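In case you want the letters, here they are:
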Amino acid sequence: MAIKFKAHPYQIYAINQILDKPKCALILDMGLGKTISTLSAINELMYNRFDITRVLVIAPLRVAETTWPEEISKWDSVKNLKYSIILGTAAERERALKADADIYLINRENTMWLIQKCIEAKKWPFDMLVIDESSSFKNHQSKRFKALRKVAAITKRVVLLTGTPSPNGLMDLWSQFYLLDQGQRLGRTITEYRNTFFNPGRRNQQVIFDYKPKPGAEEEIYRRISDIATSMKAKDYIQMPDRIDNSIKVKLPKAIQKQYDELERDLVLELESEEVVTAGSKAAVRNKLLQFANGAVYGEDNKVVHIHDLKLDALEEIIEVSQGQSIMVFYWFKHDLSRLLDRFAKLHPVVYETTEDKRRWDAGEIQLLFAHPASMGHGLNLQDGGNIIVWFGLTWNLELYLQAIARLYRQGQKKTVIVNHIIAEGTVDEDVLRSLEAKDVDEDKLIESIKARIKANARKN
């Protein structure tokens, strides 16, 4: 049975933004109901104002497949909206595209396929486009952005929805807002945007590796997009549960710490010796050090080399103290998961994969749930099943970190959410957690922090 929807004042404001502005961005924290707000605006535009006839929603796979259909079915005010999910094989997608519906839901990976189909048919049938989690289109060089910009310009209404529009810095904003105004506010090309708001950072002669915002650039960028962008923070509008963040520190034995210090020094020195520092080499440094801190590393031929079990021991203590409460454990590397499954096999842990896992978690049937942050992203509500999170291994990706925690720390959670970070002292774990807490995810700062620790260790020795 559908629930009667009574919009909160902040949701009424968001709905009116969509109604009043043909091209707009809603930057809303998780829990503020951006899906039902958008659906309410669609319903008004389609059935009361007769302004639109077909809506395309582009979203992450699980959000397109589950979240939007569930929201349509959940609320009485929008349950009349007919939807078609464009997923599956090419033949299934074509049938879904031809179906009679008001809203067509597609995952971002199939966006290029859909646009190519419409180009071949010489017809773009959608007069409203909703891009859910628009940060998926932050890369101006990606094929999905280049395909989408062709049709965004000819679409009557375009709405961007996101909670984290620039998880990796201001450079992420250009492509997203280009989809709204074709460069009117931030520049018609990425080069114009860079020249206006950024100064070159590290460089090697004519090759520029990164860009740093000019003084006052952030304020000017936000001023320029303020007429079409609305930002809301959950803490300003809804009662969020309490949250406690813990750092559970493990200390490496001297012999293992010496191994780590050598690995850290050799990798970073090798990195410094390169004339051109690539993103790949940075990622290699970061990942290798995080692996070691977690207890194992990939060696030659992808063979797993065991180092220590300190984090496994720490997790076992957390489980014992929790006395049977449900715990969600985030891992990052495959060898972490293998070791976790072996260590805690007696507790019958579950690796999150399906909607059945969600049902069992919500019902309290799972004591230990292992999950990769990338699989626990947008639109997944798990607050009914527990309130304890453990980060066995950290990620440098701020967006994934925030989205993962928001599975439990969100409106509707009835208990204090406890977020435990198992941190190996004297390792890159400390730098990553510090950066995540400060919401400062500049990879260069990670390398600088590693260099600083190497120099400090050298002085001690």
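Residues numbered from 1 in each chain as written. Predicted model: local features only at pLDDT ≥ 70, side-chain atom pairs only at ≥ 80, totals over all residues. Heavy atoms only, no water.

With that out of the way, let us pick up a positive patch on the surface. A contiguous patch of positive charge on the surface is contributed by Lys143, Lys146, Arg149 and Lys150. Inspection of the secondary structure puts Lys150 in helix α6 (residues 143-152). (Patch = residues over 30% accessible without salt bridge, like charges linked within 9 Å, V, L, I, M, F, W, Y side chains within 5 Å. Areas by Shrake-Rupley, 256 points an atom, 1.4 Å probe, with all protein chains shown as cover. Salt bridge = Lys/Arg side-chain N within 4 Å of Asp/Glu carboxyl O. Lys, Arg positive; Asp, Glu negative; His and termini not counted. Charge placed at Lys NZ, Arg CZ, Asp CG, Glu CD. Helix = DSSP H or I, 4+ residues; strand = E, 2+ residues; numbered from the N terminus.)

Our focus in this paragraph is the sheet that holds strand β3 (residues 83-86). The strand order β3-β4-β2-β5-β6-β1-β11 describes an open sheet built from 7 strands, whose pairing is parallel. Every other strand in the sheet has two partners, leaving β3 and β11 (229-232) as the edge strands with one partner each. Ignoring strand direction, the axes of neighbouring strands in this sheet form an average angle of 15°. Two strands pair when backbone bridges link them, and strand β2 (residues 55-59) and strand β4 (residues 103-107) are joined in this way by 5 bridges, in the parallel orientation. Of the residues in β4, the one forming a bridge with Ala59 is Asn107. The sheet contacts of helix α2 (residues 34-48) involve β1 (23-28), β2, β4, β5 (128-132) and β6 (157-162), and relative to β5 the element is tilted by about 180°. Docked against the sheet, α6 engages β1, β2, β5 and β6, running at close to 150° with respect to β5. (Pairing = 2+ DSSP bridges. Axes fitted to C-alpha atoms, helices over the stretch in contact; angles between N-to-C directions. Contact = heavy atoms within 4.5 Å.)

Attention now goes to the pattern of salt bridges. A pair can form between side chains of opposite charge whenever their charged atoms are brought close. Applying the stated criterion across every chain, the model contains 22 salt bridges. Residues Asp51 and Arg157 are paired through a salt bridge, measuring 2.8 Å at the closest nitrogen-oxygen approach. Here Asp51 is found in the loop between α2 and β2, whereas its partner Arg157 is found in strand β6, with 106 residues between them in sequence. The salt bridge involving Asp181 is made with Arg185; its shortest N-O contact spans 3.1 Å. Judged by its relative accessible area of 9%, Asp181 is buried. (Buried < 20%, exposed > 50% of the residue type's maximum accessible area, 1.4 Å probe, protein only.)

One pass over the full model with this rule turns up 11 aromatic pairs. Plain terms: the ring middles of Tyr104 and Phe126 are 5.6 Å apart, the flat faces sit at 70° to each other, and that makes the pair edge-to-face. Pair noted here: Tyr104 is in strand β4 and Phe126 is in the loop between α5 (111-121) and β5, with a separation of 22 residues, a long-range link. Grouping residues by exposure puts Tyr104 and Phe126 together as buried. Measuring from centroid to centroid gives 5.1 Å for Trp124 and Phe126, while their planes differ by 70°, and the two rings are edge-to-face. Three or more aromatic residues link up through ring pairs in this structure, and these residues are Tyr104, Trp124 and Phe126. The lysine or arginine in question, Arg93, covers the ring of Trp113, its NZ or CZ lying 4.5 Å from the ring centre. Over the ring of Phe137 we find Arg144; its NZ or CZ atom is 5.8 Å from the centre of that ring. (Phe/Tyr/Trp six-rings, centres within 6.5 Å; stacked < 30°, edge-to-face > 60°. Lys NZ or Arg CZ within 6 Å of the ring centre and 35° of its normal.)

With that settled, the discussion passes to the sheet that holds strand β19 (residues 417-424). The strand order across the open sheet built from 6 strands is β12-β19-β18-β15-β17-β16, with neighbouring strands paired in parallel fashion. A strand with exactly one partner marks an edge of an open sheet, and here the two such strands are β12 (243-250) and β16 (350-351). Relative to strand β17 (residues 368-371), β16 is paired through 2 bridges, and the arrangement is parallel. Considered in β17, the bridge of Val350 is made with Leu369. Each of β12 and β19 touches helix α17 (residues 428-437); the most contacted strand, β19, lies at about 145° to it.

Examined against the element boundaries, Ser40 turns out to sit in helix α2. Here Ser40 falls in the buried class, since its relative accessible area comes to 13%. Along the chain, Ser40 and Pro253 lie 213 residues apart, while their C-alpha atoms are 58 Å from each other. Every residue in contact with Ser40, bar those within four places of it in the chain, is listed here: Phe5, Ile15 and Val78.

Core analysis: the largest hydrophobic core is formed by 43 residues, its most contacted members being Leu56, Leu114, Leu129, Leu148, Phe177, Leu186 and Tyr193. Examining the composition of this core, we find that 6 residues originate from one element, helix α7 (residues 173-181), more than from any other. Look past the residues within four positions of Leu186 in its chain and what remains in contact with it is Leu173, Trp174, Phe177, Tyr193, Phe197, Ile221, Arg224 and Ile225. Judged by nonpolar contacts, the second largest core, of 39 residues, contains Leu267, Ile307, Ala371 and Ile423. (Core = buried A, V, L, I, M, F, W, Y, C linked by side-chain atoms within 4.5 Å.)

Bringing unusual backbone geometry into the picture now. For Glu133, which is not glycine, the phi torsion reads 60° and is therefore positive. Among the residues examined, Glu133 registers a relative accessible area of 2% and is labelled buried.

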